[in-house]
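Below, each chain spelled out in residue letters.
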Amino acid sequence: MADIITLLPENIANQIAAGEVIQRPASAVKELLENAVDAGASEIKLYINDAGKSLVQVIDNGKGMSETDARMSFERHATSKIKNIDDLFHIKTMGFRGEALASIAGVAQVELKTKKTGESVGTYIEIENSIVKSQQPVATDEGTNISMKNLFFNVPARRNFLKSNASELRHIVDEFIRVSMSFPSIFFSLTSNGQEVFHLEKGSLKQRIIQILGNNYSSKLVSVKEETDYMNISGFVGKPETTKKTRGDQYFFVNNRFIKSAYLNHAVMNAFSDMIAKDSFPMYTLFIDIDPSRLDINVHPTKQEIKFEDEKIIYAFVQSAVKHALAQYSVTPTLDFELDSAIQHTEAVSQPFTQDKQFAATGSSLYKTFTQKNQAHFIESKSDIGHWDANLLQQNLPEKKSLKIELALENVGKSSDDYFQNPLKNNHQVIASKKPTTEDFIQIHKSFILAQNENGFIVIHQQNAHERILYERFVNAIKGKPISVQRSLFPVTIELAPADAVLLADLLLDLALLGYQVENFGHNTFVIQGSPADITDGNEKAALEKMLEQYKHFNMEASFSKREKLLRSMAWQQSVKAGTLLSEKELNTLVEDLFNCEINNTTPNGKPVFLEFKKEELGKMFGR
Ligand code: ADP
Ligand code: MG
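No experiment lies behind these values; they were computed from the predicted model shown.

Undergrad: Tell me about the overall build of the chain, and name the residues and values.
TA: Secondary structure summary: the chain contains 22 helices and 22 strands in total. The 624 residues of the chain split such that 51% are buried. By sequence separation, contacts in the chain at least 24 residues apart represent 69% of the contacts at least 6 residues apart.

What follows is the structure, given as structure tokens:
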């Protein structure tokens with residue numbers, strides 16, 4: 001029998017390798033930006049067309065490459081950054097695997113122009129599908145100018161897998177922010193389809209945070225800085241009043257590399273715990289500097305996960321550094337956790353951390369509390385889904401068996417907008433019999449409404465009911481029953497953080513159907529020309545901002561379509577909140593509207609709208 005094993009051709013091997021490194025345009029953005037940083041650039045410009053699907057280009061003024069290096073850079077495992085295995089433990093650069101350019105060249109059309117500092121002529125290379133199409137001398141600036149065109153042109157299956165432009169652009173902005181945040185001394189810009197979205201002048205970290213996350217943080221940042229022999233931490237946390245409903249503005253960098261760590265996030269959240277509401281998220285941008293030999297950054301191909309030699313020490317250190325910072329700025333006058341005794345005297349804060357002290361620290365009570373607590377943190381982070389309160393549903397929903405599941409299926413997995421062709425008719429039976437039979441409604445605690453019905457009585461949650469009503473109204477608006485608009489006499493201007501501006505710009509058409517006439521004036525500025533007639537004058541800006549916050553909250557869940565998220569956010573934002581006194585007329589309208597809804601017993605997010613108490617059950621409870 002003939003032998004059957006062959007070596008894969010290089011281009012196929014590269015395409016396969018690319019699967020790990022280059023998943024989407026944003027992955028290329030990350031790799032190319034990091035290469036520019038590694039090349040010592042002081043100015044890095046990123047250009048994107050079609051959310052990176054047709055073009056990702058990075059121009060840097062770094063050290064450039066020689067002709068040979070330029071050609072070599074596209075080979076697999078070609079790197080100038082490590083030479084042997086020992087070097088892996090002393091990494092100071094962002095890259096080191098030597099895979100990025102090879103992968104990119106395997107799945108796109110690449111043009112590279114590069115010139116070493118001090119040389120008179122540079123090198124031009126055109127490569128696609130791992131095959132060099134052209135290589136020649138070229139006149140170009142010092143530094144490197146690399147374009148990746150038509151990503152996955154040769155791997156249609158993966159090209160089809162890419163998400164909408166809005167979603168891919170969002171990923172790109174995330175990567176751009178992660179790199180630019182950690183190098184405030186480098187100028188960065190991001191231009192998307194010819195429009196400059198970010199323009200980040202060199203400056204301090206504080207300035208960079210404000211440039212990226214918005215001016216509202218300007219006097220609201222608390223500096224965190226602790227230095228020990230073992231590690232240093234520096235950066236900023238937002239004062240407690242700046243917390244948001246979204247986790248978005250949270251950044252951890254270890255040796256300048258952005259990492260995702262539920263564990264370290266938990267340490268920060270713990271430091272804030274007494275000062276902020278549950279379900280709210282403080283901003284933080286924290287940098288840990290630690291001897292690279294105490295890390296393994298090689299655990300994940302995109303290097304976003306890191307293994308620490310001793311996670312627990314890091315946890316204690318992060319938590320106490322943040323607590324310490326918050327206490328020093330005494331951001332809340334009533335601040336009253338046992339900071340002085342328990343925290344100040346923690347080794348991690350008060351003294352340099354040496355090897356033998358590590359051991360002592362692990363016996364401390366502080367250490368014990370966090371090790372116990374962090375058992376729960378994975379569970380906690382799952383409950384981010386926030387608006388899904390499965391327990392509540394299980395206990396309280398009248399038709400508890402399948403309705404919850406049905407509702408879940410109603411939205412999950414329907415990420416395309418065609419969901420809206422028939423959004424409300426998903427086999428839900430309307431529970432008409434529950435409808436109140438009188439019009440004497442009683443509002444209690446400005447939050448609930450009691451109403452008698454055929455079977456007994458129901459308790460309606462006023463906000464949940466209103467969310468349902470508004471949601472259905474908005475669905476109908478999208479289907480062609482427009483919401484009436486009130487033109488602003490004095491149009492209000494909003495300026496947003498660049499990342500939010502990208503989001504809002506993408507929602508303008510749908511917002512128009514929902515009664516918001518908003519114009520994009522460029523430079524992250526929008527003008528509200530009209531708002532839904534229900535929104536009181538002067539509130540339109542706050543309303544829109546809150547809506548956007550909520551939208552970002554939903555954004556964490558990829559499974560909803562853009563529209564769905566928008567509708568839910570609007571419904572939540574405009575709903576009457578608990579604590580609002582309602583007039584008799586308002587109570588009547590609310591209940592009436594609720595029972596005219598196609599679905600009246602759950603909010604769009606699956607929370608119950610009312611609970612029913614049956615006459616017989618009540619009787620039984622009283623022993624009758
Ligand atoms: P890695 O960054 O892991 O070394 P890459 O495939 O990203 O691997 O890059 C390969 C090599 O090409 C780098 O080690 C570096 O020497 C060179 N290189 C890539 N991009 C640039 C750039 N913008 N400026 C200078 N050299 C670069
Ligand atoms: Mg690299």
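Having put the structure on the table, let's press on.
Undergrad: Provide a residue-level description of the site of ligand 1, including the pertinent values.
TA: Close to ligand 1 lie 18 residues, the nearest being Asn-35, Thr-79, Ser-80, Lys-81 and Gly-98. When ligand 1 is considered free in solution it has 530 Å² of accessible area, and contact with the protein chains removes 91% of it. Given that more than half its atoms are within 2 Å of the pocket grid, ligand 1 belongs to the second largest pocket. Tallied by class, residues from the shell around ligand 1 come to six nonpolar, eight polar and four charged.

Undergrad: Requested: an account of the nonpolar core, with residues and values cited.
TA: In terms of nonpolar packing, the biggest core is built from 65 residues, with Leu-33, Ile-44, Leu-46, Phe-74, Phe-188 and Phe-198 touching the most fellow members. Shared between two domains, this core takes at least three residues from each, and those domains are domain 1 (10-200) and domain 2 (205-328). Those residues in contact with Phe-188 that sit more than four places away from it in its chain are Leu-33, Val-37, Ile-44, Phe-176, Val-179, Ser-180, Phe-183, Phe-198, His-199, Leu-200 and Arg-208. In terms of nonpolar packing, the next biggest core, distinct from the first, is built from 33 residues, Met-231, Leu-264, Val-318 and Leu-326 among them.

Undergrad: Which residues make up the sheet that holds strand β20 (residues 517-520), and what values do they have?
TA: The strands making up a sheet associate through backbone hydrogen bonding, with each pair oriented either parallel or antiparallel. Sheet architecture is open: three strands sit in the order β19-β21-β20, paired in antiparallel fashion. Two strands close off the open sheet at either side, each with one partner strand: β19 (485-495) and β20. Neighbour-to-neighbour, the strand axes of this sheet turn through a mean angle of 20 degrees, independent of strand direction. With four bridges connecting them, β20 and strand β21 (residues 525-532) associate as antiparallel partners. Its bridge partner being in β21, Glu-519 is matched across the sheet by Val-527. Sheet contacts for helix α18 (residues 498-513): β20 and β21; angle to β21, the most-contacted strand, approximately 40 degrees.

Undergrad: So, the packing of aromatic side chains: which residues are in play, and what are the values?
TA: For the coordinates displayed, the defined rule picks out 10 aromatic pairs. Look at Phe-176 and Phe-188: their rings are 6.0 Å apart centre to centre, the planes differ by 90 degrees, and that puts the pair in the edge-to-face class. Residue Phe-176 is found in helix α6 (residues 165-182), and its partner Phe-188 is found in strand β7 (residues 187-192); the two are separated by 12 residues along the sequence. Accessibility classification places Phe-176 together with Phe-188 in one group, the buried group. When the centroid spacing of 6.4 Å and the interplanar angle of 10 degrees are considered together, the rings of Tyr-251 and Phe-253 count as stacked. A connected cluster of aromatic rings, assembled from ring pairs, spans Tyr-251, Phe-253, Phe-258 and Phe-287. Taking NZ or CZ as reference, Lys-577 lies 5.0 Å from the ring centre of Trp-572, over its face.

Undergrad: So what's going on with the layout of surface pockets? Which residues, and what values?
TA: Estimates place the volume of the second largest pocket at around 780 Å³. Lining of the second largest pocket is provided by 35 residues; of these, Asn-35, Met-65, Ser-73, Ser-80 and Lys-81 occupy positions nearest its centre. Listed by contribution, the elements that provide at least two residues to the lining of the second largest pocket are α2 (25-38), β2 (55-60), α3 (67-72), α4 (100-107) and β6 (143-149). Per-element tally for the lining of the second largest pocket: the top contributor is α2, with six residues.

Undergrad: A description of helix α9 (residues 311-328) should follow, citing residues and the corresponding values.
TA: Between the first and last C-alpha of α9 there are 26 Å, a value that for 18 residues agrees with the 26 Å anticipated at 1.5 Å per step. Judged by how many residues are buried, α9 sits mostly within the fold: 15 of 18 residues are covered. In this structure Asp-310 caps α9, since a side-chain oxygen of it lies 3.0 Å from the backbone nitrogen of Lys-312.

Undergrad: I'd like to hear about unusual backbone geometry, residue by residue, with values.
TA: Unusually for a residue other than glycine, Asn-256 sits at a positive phi of about 70 degrees. Judged by relative accessible area, Asn-256 falls into the partly exposed class, the value being 26%. Phi at Lys-446 takes a positive value of approximately 50 degrees, unusual for a residue other than glycine. The topology assignment puts Lys-446 in the loop between β16 (442-444) and β17 (448-452).

Undergrad: I'd love a proper account of the packing of α18 against helix α20 (residues 562-574), names of residues and values included.
TA: The contact between α18 and α20 brings their axes to 11 Å, and the two run at 55 degrees. In terms of orientation, α18 lies oblique with respect to α20. Both α18 and α20 take part in a crossing whose hand is right-handed. Across the interface between the two elements, Asp-506, Leu-507, Asp-510, Leu-511 and Leu-513 of α18 pack against Lys-562, Arg-563, Leu-566 and Met-570 of α20. Looking at side-chain class alone, the contact of α18 with α20 contains five nonpolar, no polar and four charged residues.

What counts and how
Residues numbered from 1 in each chain as written. Chains lettered and ligands numbered in written order. Predicted model: local features only at pLDDT ≥ 70, side-chain atom pairs only at ≥ 80, totals over all residues. Heavy atoms only, no water. Helix = DSSP H or I, 4+ residues; strand = E, 2+ residues; numbered from the N terminus. Buried < 20%, exposed > 50% of the residue type's maximum accessible area, 1.4 Å probe, protein only. Contact = heavy atoms within 4.5 Å. Near = heavy atom within 4 Å. Areas by Shrake-Rupley, 256 points an atom, 1.4 Å probe, with all protein chains shown as cover. 1 Å grid on protein atoms, 1.4 Å probe; cavity = no way out; pocket = protein on both sides within 12 Å on 5 of 7 lines; lining within 4 Å. Sits in = over half its atoms within 2 Å of the grid points. Nonpolar A, V, L, I, M, F, W, Y, C, P; charged D, E, K, R; others polar. Core = buried A, V, L, I, M, F, W, Y, C linked by side-chain atoms within 4.5 Å. Domains from an automatic or database assignment. Pairing = 2+ DSSP bridges. Axes fitted to C-alpha atoms, helices over the stretch in contact; angles between N-to-C directions. Phe/Tyr/Trp six-rings, centres within 6.5 Å; stacked < 30°, edge-to-face > 60°. Lys NZ or Arg CZ within 6 Å of the ring centre and 35° of its normal. Points joined across faces, edges and corners; volume = space filled by probe spheres on them. Expected span 1.5 Å × (residues − 1). Polar contact = N/O pair within 3.5 Å; in protein donor to acceptor, adjacent residues only side chain to side chain. Parallel < 35°, antiparallel > 145°, perpendicular 65-115°, else oblique. Left-handed = near helix turned anticlockwise from the far one by under 90°.

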